[in-house]
Every structure is written in C-alpha cells, then in structure tokens.
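# Geometric and topological summary
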Amino acid sequence: MKILSKALLIFIFVISYEATAQLVVKTDTISGTPVSITMDSRIDNLISKQEESCARPKGGSYASNSETVKQPTKILVPNRALTQAEICRQNPKIMGYKIQVAVVKSNEEARTIGADFRKNFPSLKVEIDASLRPNYKILAGSYFNKQSASSDLKRIKATYGSATAVQYRIFCVEAK
C-alpha cells in the first residue's frame, strides 16, 4: 500500500509539472534563429516583462534614467615594430636561444659541470635541463637570437669545445 501511495504521489507530481511547463519558442537576438525552451509560463511572462522594460533608444545604445552608456575606448595599435620591452610585457616567456654547454648522462656530472661553469663565467646564468632523462643538458644565458649569443659562445667554446647555441624557451626580461 505504501508503494502504491508513493507511486501515485510521484505520478501526480509529474503530471502537475507537465501541466505548468510549456514549450516556448523565442528568436535568438544575435543570429535570429528560433530557440525552443521548456519552461513554466509564469517564468516566460516575467522574462517578457523584463525585456519590455529595457530602454532602447534609437541610437542603439542602452540608457537608464537619461544616462548614456559610454562606448569602450578603442585601442590604437602603432604601425611600428614593437620594442623588446613591449614584447616582454605582452609575453614574458618567448622562444629564444641558450648556449648548450654540455650533455651528460648523470645528475652529479651535470652539477659538477654547472658549478665549474659558474666559477669560469659568473656573469651568465646556468641551468640544468633534465627533461630528456637519462641525459642532462647544461644551459647558459638567455638570448633573443643567435647573433646576440655569438660573442658569449666564442668565449665559452674556448673552455667547453662542444658548446653550441640552441633554440629554447627563455624569460624575456633575462635575455640579451
């Protein structure tokens, strides 16, 4: 008996929901395509009232209480090449070049070469890249292009013969 009363209660709930809900077809304001929505007719009436109360002046911009809405200011793009500082503000990490000092098989060896490099070239930042394990890359400096890396590369090659400039992601503010 309890099951029958629960089933009856659920049935009445579903019927009452279907009785109040109806299929409303509206026209999309952007593309003009018809949109079908199942909703309560009271909700549809509230939405329609709200839409009608909106002020729509002839100029196309919305206004409330004789206040005009300011149009967003246009951003002017200069017709010149961007400076390095402007590029860095837009994108702090860019593709540039680093000097690959060496590629070794162990972390200990990479740390040893990195410490030795710091002693020989204290003005250059050194990092160890372990993304290609079991190989470790010792990388130095940050440069925008190969030409800016060439002077440091010549000095480094005198000590580390296998040094070469490789394309790598760099922090723009650190680059030369």
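### Topic: the pairing of strand E7 (residues 136-143)
Residues in a regular strand point their side chains to alternate faces of the sheet. E7 sits mainly inside the fold: 7 of its 8 residues count as buried. Strand direction decides the pairing type here: strand E5 (residues 93-104) and E7, joined by 6 bridges, are antiparallel. Directly across from Gln100, in E7, lies its bridge partner Leu139. Taken together, the 4 bridges between strand E6 (residues 126-129) and E7 define a ladder with antiparallel strand orientation. Residue pairing across strands places Ile128 opposite Ile138, the latter belonging to E7.

### Quick notes on the pattern of salt bridges
Inspection of every chain in the model, using the stated rule, returns 2 salt bridges. Between Glu127 and Lys98 there is a salt bridge, and its shortest N-O distance comes to 3.0 Å. Here Glu127, found in strand E6, pairs with Lys98, found in strand E5; they are 29 residues apart in sequence, far enough to count as distant. Assessed through its relative accessible area of 28%, Glu127 is described here as partly exposed. Between Asp152 and Arg155 there is a salt bridge; the shortest N-O distance is 3.5 Å. Of the two residues, Asp152 and Arg155 are both situated in helix H5 (residues 146-159); the distance of 3 residues between them amounts to about one turn of the helix. Take Arg155: its relative accessible area is 42%, and that puts it in the partly exposed class.

### Considerations on the sheet that holds E7
Sheets are built from strands paired through backbone hydrogen bonds, the pairs being either parallel or antiparallel. Spatially, E6-E7-E5-E8 is the arrangement adopted by the 4 strands of the open sheet, whose pairing is antiparallel. Whereas interior strands pair on both sides, the edge strands pair on one side only; in this sheet they are E6 and strand E8 (164-171). Strand-to-strand twist across the sheet, computed as the mean angle between neighbouring axes with direction ignored, equals 40°. Here H5 sits on the sheet in contact with E5, E7 and E8, set at roughly 20° to E5.

### Here's the deal with the confidence of the model for the protein chain
Across the protein chain, the average pLDDT comes to 76, with 72% of residues at 70 or higher. When mean pLDDT is taken per element in the protein chain, helix H4 (residues 107-120) scores highest with 89 and strand E3 (residues 63-64) scores lowest with 49.

### Let's talk about the packing of aromatic side chains
Throughout the structure, instances matching the rule amount to 2 aromatic pairs. Look at Phe117 and Phe121: their rings are 4.9 Å apart centre to centre, the planes differ by 35°, and that puts the pair in the tilted class. Each member of the pair Phe117 and Phe121 is classed as buried. Aromatic side chains Phe117 and Tyr160 sit 5.7 Å apart centroid to centroid with 40° between the ring planes, which places their arrangement in the tilted category. Taken together, the positions of Phe117 in helix H4 and Tyr160 in the loop between H5 and E8 put the pair 43 residues apart, joining distant regions of the chain. Overall, the relative accessible area of 0% leaves Phe117 in the buried class. Relative accessible area serves as the criterion here: at 12%, Tyr160 is assigned to the buried category.

### A few points about the nonpolar core
Residues Val101, Ile113, Phe117, Ile138, Ile156 and Tyr160 are the most contacted members of the largest nonpolar core, which totals 21 residues. Listed by contribution, the elements that provide at least two residues to this core are E5, H4, E7 and H5.

Rules used in this analysis
- Throughout, residues of each chain are indexed from 1 in the direction in which the sequence is written.
- Residues qualify for local features only when their pLDDT is at least 70, as the model is predicted, and side-chain atom pairs are given and counted only at 80 or more; totals for whole chains, interfaces and linings, by contrast, use all residues.
- As a rule here, side-chain values cover all heavy atoms of the structure and leave hydrogens and water aside.
- Buried, partly exposed and exposed residues are distinguished by accessible area as a fraction of the type maximum, computed with a 1.4 Å probe on protein chains only: under 20%, between the cut-offs, and over 50%, respectively.
- Numbering of helices and strands runs from the N terminus, with a helix taken as a DSSP run of H or I at least four residues long and a strand as a DSSP run of E at least two residues long.
- Being paired, for any two strands, means DSSP has found at least two bridges between them.
- The rule for a salt bridge is simple: a side-chain nitrogen of Lys or Arg has to be within 4 Å of a carboxyl oxygen of Asp or Glu.
- Note on method: axes are straight lines fitted to C-alpha atoms, helices fitted across the in-contact stretch only, with angles between N-to-C directions ranging 0 to 180 degrees.
- Note on definitions: a residue-residue contact is assigned when non-hydrogen atoms from the two residues lie within 4.5 Å.
- For every residue, the predictor assigns a confidence score, pLDDT, that lies between 0 and 100.
- Two rings from Phe, Tyr or Trp (for Trp, the six-membered ring) form a pair when their centres are within 6.5 Å of each other. A pair whose planes differ by under 30 degrees is stacked, one over 60 is edge-to-face, and the rest are tilted.
- Nonpolar cores are built from buried Ala, Val, Leu, Ile, Met, Phe, Trp, Tyr and Cys residues. Side-chain atoms within 4.5 Å join them into one set.

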